[in-house]
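Report on the structure
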Amino acid sequence: MDVAIHQSWKPYVSEEFNKPYFERLVQFVKGEYSRFTCYPKGTEIFAAFNHSTFQSTKVVIIGQDPYHGPNQANGLCFSVHDGLKHPPSLVNIFKEIEMDLGIAYPKSGNLERWADQGILLLNATLTVRANNAGSHQNIGWETFTDAIIHKLSEEKEGLIFLLWGGYAKKKISLINERKHHILTSGHPSPLSANRGLWFGNKHFSKTNDILRQRNEKPIDW
């Protein structure tokens, strides 16, 4: 596994790269990719960091696992490659944006356009075996991504964290709430959204309101 990560992140993650757990993680992932079909493809494992640099990151969205269907995952949480059917959670994200901001539902589910504006689209686990949800959980990825969240909290100010669902909300313990903005809601999955825990959260307009208050450029959702 080639740890191809943008130079801007290296001062903040190099310590993790040198820890025994990360060396074990790399060996595990290499073995999985050599024996099984895994997602995302190797060059996209660290895509979240290569689209949003450390300096440009101003919004953080936390997912759990990459999509495990054929060629869906592209290294950004909730995002799929161009031309693919939108998974249910992504459909509900776009529907909420439509209601919140009056923006037409998009054709592409590729969220690189968000990441390039300084949104870190971070899955807690960065890889998965095809058709086997959660198969790469608890092998070290969460230790790495928790360290990233904590380092962002320590080193930056005024970040906006969008925490959707119970799993993401657990990450609050890693974030200094006095320095950063935390918006929480139910998960955009149909199970949560159909129970009234997602729609109407207005996280997209709220994010832009916070950015304007800070004299920063709002996100083009």
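Residues numbered from 1 in each chain as written. Predicted model: local features only at pLDDT ≥ 70, side-chain atom pairs only at ≥ 80, totals over all residues. Heavy atoms only, no water.

Let's talk about the side chain of Ser 89
Convention followed: Think of it this way: any DSSP run of H or I at least four residues long counts as a helix, any run of E at least two long counts as a strand, and we number them from the N terminus. Only heavy atoms matter for contacts: two residues are in contact if any of them lie within 4.5 Å across the pair.
For Ser 89, the position within the fold is in helix H4 (residues 88-101). Ser 89 has contacts with Phe 78, His 187, Pro 188, Ser 189 and Pro 190, leaving out every residue within four places of it along the chain.

Remarks on the layout of surface pockets
To find leftover empty space, a probe the size of one water molecule is rolled over the atoms. Put simply, the test is: In this analysis the probe radius is 1.4 Å and the grid spacing 1 Å, with only protein atoms considered; a cavity is a set of points the probe fits into but cannot get out of, a pocket is an open set with protein on both sides within 12 Å along at least five of seven lines, and lining residues have an atom within 4 Å of a point. Grid points are joined across faces, edges and corners, and a volume is the space filled by probe spheres set on the points. Three residue categories are used. Nonpolar comprises Ala, Val, Leu, Ile, Met, Phe, Trp, Tyr, Cys and Pro, charged comprises Asp, Glu, Lys and Arg, and polar comprises the others, including Gly.
In this structure, the largest pocket occupies an estimated 390 Å³ of space. Lining the largest pocket are 26 residues, and of these Gln 64, Asp 65, Tyr 67, Phe 78 and His 187 lie nearest its centre. The set of elements that each furnish at least two residues to the lining of the largest pocket consists of strand E2 (59-63), H4 and helix H7 (166-169). Its residues assigned to classes, the lining of the largest pocket comprises 14 nonpolar, eleven polar and one charged.

What to know about the nonpolar core
Heads up, the rule is: Only buried Ala, Val, Leu, Ile, Met, Phe, Trp, Tyr and Cys residues count toward a nonpolar core, and they belong to the same one when joined by side-chain atoms within 4.5 Å. Categorising residues by exposure relies on relative accessible area from a 1.4 Å probe, with only protein chains included: less than 20% of the type maximum marks a residue as buried, more than 50% marks it as exposed, and the intermediate range marks it as partly exposed.
Grouped together as the largest cluster of nonpolar side chains are 61 residues, with contacts concentrated most on Phe 49, Ile 61, Trp 114 and Phe 144. Apart from the residues lying within four places of it in its own chain, the contact partners of Ile 61 are Cys 77, Phe 78, Trp 114, Ile 119, Leu 120, Leu 121, Leu 122, Leu 162 and Trp 164.

Things to note about the sheet that holds strand E6 (residues 181-185)
Selection rule: The rule for pairing is simple: two strands pair if DSSP sees at least two bridges between them. Axis angles are defined between N-to-C directions and span 0 to 180 degrees, where every axis is a line fitted to C-alpha atoms and, for a helix, only to the segment in contact.
Read across the sheet, four strands follow the order E3-E2-E5-E6 without closing on themselves; strand pairing throughout is parallel. Where the open sheet ends on each side, the last strands, each with one partner, are strand E3 (119-123) and E6. Here the average twist between neighbouring strands, direction ignored, is 20 degrees. Taken together, the three bridges between E2 and strand E5 (residues 160-164) define a ladder with parallel strand orientation. Within the sheet, the bridge partner assigned to Val 59 lies in E5 and is Ile 160. Of the strands in this sheet, E2, E5 and E6 touch helix H9 (residues 203-213), which is tilted by about 165 degrees from E5.

Digging into the state of the cysteines
Defined as follows: Pairs of cysteine sulfur atoms within 2.5 Å are what we label disulfides.
Under the defined criterion, the tally for this structure stands at zero disulfides. Note on Cys 38: no disulfide assigned, nearest cysteine sulfur contributed by Cys 77 at a separation of 20 Å. By relative accessible area, Cys 38 is classed as buried at 7%. According to the relative accessible area criterion, Cys 77 is buried, its value standing at 0%.

Points about unusual backbone geometry
Going from Tyr 39 to Pro 40, the amide bond is cis rather than trans, its omega being -10 degrees. Mapped onto the secondary structure, Pro 40 falls in the loop between strand E1 (38-39) and helix H3 (47-51). Despite not being glycine, Phe 78 has its phi angle at roughly 70 degrees, a positive value. Positive phi is not limited to glycine here, since Asn 215 has a value of about 60 degrees. Position of Asn 215 among the secondary structure elements: in the segment after H9.

With respect to the packing of helix H2 (residues 20-35) against helix H6 (residues 141-155)
The test is simple: When describing relative orientation, an angle under 35 degrees is termed roughly parallel and one over 145 degrees roughly antiparallel, while 65 to 115 degrees is termed roughly perpendicular and anything else oblique. It is the rotation of the near helix from the far one that decides the hand of a crossing: anticlockwise by less than a right angle makes it left-handed, clockwise makes it right-handed.
Taken N-terminus to C-terminus, the directions of H2 and H6 make an angle of 125 degrees; their axes are 9 Å apart at the nearest point. In terms of orientation, H2 lies oblique with respect to H6. As for the relative orientation of H2 and H6, their crossing is left-handed in sense. Every residue of H6 that contacts H2 at Tyr 21, Phe 22, Leu 25 and Val 29 is listed here: Trp 141, Thr 143 and Phe 144. Among the residues forming the contact of H2 with H6, the class breakdown is six nonpolar, one polar and no charged.

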